[in-house]
Amino acid sequence: MEEINIMILMSLLKSMLKIRLVEEYFAEKLTSREIRCPVHLYVGQEGIAAGVCQNLRTDDYVLSTHRSHGHYIAKGGDVNALVAEVFCKENGCSHGYGGSMHIVDPKINYLASSAIVAGSIPIAAGTGLASKLKNEDRVSVAFFGDGATDEGVFWETVNVAALLELPVLFVCENNLFSTHMPIALRQAEIDIHKKVSAFGLETARIEGNDVEKVYTTARGLIERIRATRKPALLECLTFRWLAHVGPDPDLDIGYRKKVDVEKWRKKCPIQGLKNRLLERGILSEPEYGRLVGEIETLVGDADRFRRAGRDPSVTEF
Amino acid sequence: MLRRISYAAAINEAFIAIMREKKEAFHIGVGINTPWFVGNTMTGLLEEFGPDRVIDTPVSENGVTGLAIGAALAGMHPILTFPRMDFMHYAMDQLVNHGALLPATLGGRVKIPILVRAIINRGGEQGAQHSQALQGVFMHFPGFKVVMPSHPYDAKGMLLQAMEETDPVIFIDDRWLYDEQGEVPASSYRSDLDRAEIVREGTDLTVVASSYTVVLCRETLESLPGAPSVELIDLRSIKPIDSACLLRSVAKTGRLLVVDATWPKGGVAAEICRIVATEGFASLKKPIAVISLPDAPAPAAHSLEEKYYPRASDITAAIETLIG
Ligand SMILES: Cc1ncc(C[n+]2csc(CCOP(=O)(O)OP(=O)(O)O)c2C)c(N)n1
């Protein structure tokens, strides 16, 4: 694999850690029931958001789903506003109207998160259509799960994006489940990228927990999209460590096994990169500790920010 | 005395009875095999009837709805569940253009017996895409029957009756009702689908409610000081609406309050106002009052939800204005 520059490697590590620590903070506040709204945590999948978004410019568009915190953070979203939104505070990014499933920041072109499975995929392609009509070289990224490829609208969008040559990167985070349903109980042919390539898109299927692999593969695809305006799909294999919704490990409902969760925990994207950086002498344990400390400070600041936030109020809707 | 069971248990009992009685019946829908989506209403079904008759599907609402309609055309009687009404928008083409409109369009040559079970699941800071109550939408389309039981007895009896129908029935249950207890016979019985029910009689004001707002209104009325003489009507059926029952009541009371926990424009409350304004105008002593949701998407924040959904105090205030 090609060499990735050290600054970028450190940035990937930082981005993933930021996501992890924010999500763990949410998990704690969900357990203590200080957070009421439904939260779909991203723990275990951080390599994908970090690896893809590292290649994006601020003017590139991102659209996401119910499981969007990682994408928002990796795109450069303000952690304070995210945390406040999950607590449904007035100083949240959607002013407390959306909650965890409706994160947004138009300033960084993170344009919407939808709680309807596959709902934001055609919309992402639509931002690509706008770029094409305005003759801009932005790239649009749609993040979604394997469950979204159950929906007809996904396939309609893939076809029309290929047909109209729209600058869209479809990022399928295949964590092998849609809520309680494993992919093999939902799709007769489970190789998503193979099916999409039949529509005429450039596609790749990679280990989503290898952040370097995600970064380099996404870079290749994004450069190509910018140059040719043709859409592409990146399928990243991964696993969510926690429940579909909420902070528990979801081991008591019978749809997944403890050994599988353990197996995937061993493939932690953060630990993986950290080990490689330690081996190469790019990172030391004290440096890593300082990085964690920095991010803990940031999370602490966000906690204070949301505490200072008011509950939204209206006299009339 | 009859047994008392919960609304959710009553639905479950009806489903088990239907599956035992009717070999054409089968269940299909996204998430029907996990309590996370359907509470305890599907308990035991997969175990007793197996995965061929209890089909948890890919997240493909429109396609799955078409499948159910096709199976109905070919002699089956599907029970198609949507764990939230919000997810039905994907399926609107199959539901409306095909399920509702095709039978009459094909000159009545075919029937589409299908029970569409649609769950309202809202509150808890879930936001606008996880909170919709779409009874007003479905009543709009010719071809559907639309029912919304408010208590366990009706939940069971209306489901069993819905499976006797040869046209599509939209059965709407609200998760806010799942823990409501009520008397329910263990036997298999049927409740009418097209009749309203007078929950309590009164002479000074008619209050019309449906589904969970019946519970809200009943509890509010029970706690009202001075015990005003208010007639409470449980609509039960949204389509057809039992206009005879409404008009009789308004002829007696001369005053009408409609409580409908969904958006106000063009929906159930608007239709009731139309019926009473066109057919019962002469009985009205005061303008009709309506309590509904604001014409706005459901907000997430708890502080906003508390204002957004109808409360007992809204009902009390409206009653005071009408007969105070
Ligand atoms: C149209 C629609 N149907 C069903 C749901 C309920 N639902 C919420 S998330 C989800 C699973 C999505 O799985 P996937 O797309 O793989 O994303 P993941 O949760 O695994 O990140 C489902 C079925 C929904 N939100 N929208």
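Details of the structure are given in the entry above.
We now turn to the structure provided with this report. A quick note: this is a predicted structure, and the numbers were derived from the prediction, not measured. (Residues numbered from 1 in each chain as written. Chains lettered and ligands numbered in written order. Predicted model: local features only at pLDDT ≥ 70, side-chain atom pairs only at ≥ 80, totals over all residues. Heavy atoms only, no water.)

Taken together, 21 residues surround the ligand, and among them His66, Arg67, Ala115 and Gly147 of chain A together with Glu61 of chain B come closest. With respect to the ligand, its neighbouring residues span chains A and B. Within the side chain of His66 of chain A, one N or O atom sits 2.7 Å away from an oxygen atom of the ligand. At a separation of 2.8 Å, a nitrogen atom of the ligand approaches a polar backbone atom of Ala115 of chain A. (Near = heavy atom within 4 Å. Polar contact = N/O pair within 3.5 Å; in protein donor to acceptor, adjacent residues only side chain to side chain.)

Residue and element names in this part refer to chain B. Across all of its chains, the model carries 43 salt bridges over all chains by this definition. Notably, a salt bridge pairs Lys252 with Glu231, separated by 2.6 Å at the nearest N-O pair. Of this pair, Lys252 sits in helix α10 (residues 243-253) while Glu231 sits in strand β11 (residues 230-234), placing them 21 residues apart in sequence. Judged by its relative accessible area of 40%, Lys252 falls in the partly exposed class. (Salt bridge = Lys/Arg side-chain N within 4 Å of Asp/Glu carboxyl O. Helix = DSSP H or I, 4+ residues; strand = E, 2+ residues; numbered from the N terminus. Buried < 20%, exposed > 50% of the residue type's maximum accessible area, 1.4 Å probe, protein only.)

Moving on to the sheet that holds strand β9 (residues 197-200) of chain B. All names here are of chain B. Across the sheet, which stays open at both edges, the five strands sit in the order β9-β11-β10-β13-β14 with mixed pairing between neighbours. Strand pairing shows two members of the sheet lacking a second neighbour, β9 and β14 (289-291), which therefore form its edges. Across the sheet, the axes of successive neighbouring strands diverge by a mean angle of 25°, strand direction being ignored. Pairing geometry for β9 and β11, over three bridges, is antiparallel. The partner of Glu197 across the bridge, within β11, is Asp234. Sheet contacts for helix α9 (residues 212-222): β9, β10 (205-209), β11 and β13 (256-259); angle to β11, the most-contacted strand, approximately 165°. (Pairing = 2+ DSSP bridges. Axes fitted to C-alpha atoms, helices over the stretch in contact; angles between N-to-C directions. Contact = heavy atoms within 4.5 Å.)

A few words now on the pairing of strand β8 (residues 232-237) of chain A. All names here are of chain A. β8 sits mainly inside the fold: six of its six residues count as buried. In terms of strand pairing, strand β4 (residues 168-174) meets β8 through six bridges, oriented parallel. Pairing of Leu169 across the sheet is with Ala232, part of β8. One ladder, built from six bridges, connects strand β7 (residues 202-207) with β8; its direction is parallel. If you follow Thr203 over to β8, its bridge partner there is Leu233. Running through helix α8 (residues 211-228), the crossover from β7 to the neighbouring parallel element β8 is right-handed. (Right-handed = clockwise from strand over helix to strand, strands pointing away.)

In this section: the interface of chain B and chain A. Opposite the 30 residues of chain B that make contact, chain A presents 32 residues. Taken together, both faces of the contact between chain B and chain A bury some 2,500 Å²; the carbon and sulfur share is 63%. On inspection of chain B and its partner chain A, the count reaches one salt bridge. Between Arg36 of chain A and Glu125 of chain B there is a salt bridge, and its shortest N-O distance comes to 3.8 Å. Where chain B touches chain A, the interface holds 13 residue pairs in polar contact (both at pLDDT 80 or more). Those elements that place two or more of their residues in the side of chain B that touches chain A are α2 (35-38) and α12 (302-308) of chain B. Ranked by the residues each element gives to the side of chain B that touches chain A, the list is headed by α12 of chain B, at five residues. Along the lines of polarity and charge, the residues of the side of chain B that touches chain A split into 14 nonpolar, 11 polar and five charged. (Buried area = accessible area lost by both parts, 1.4 Å probe. Nonpolar A, V, L, I, M, F, W, Y, C, P; charged D, E, K, R; others polar.)

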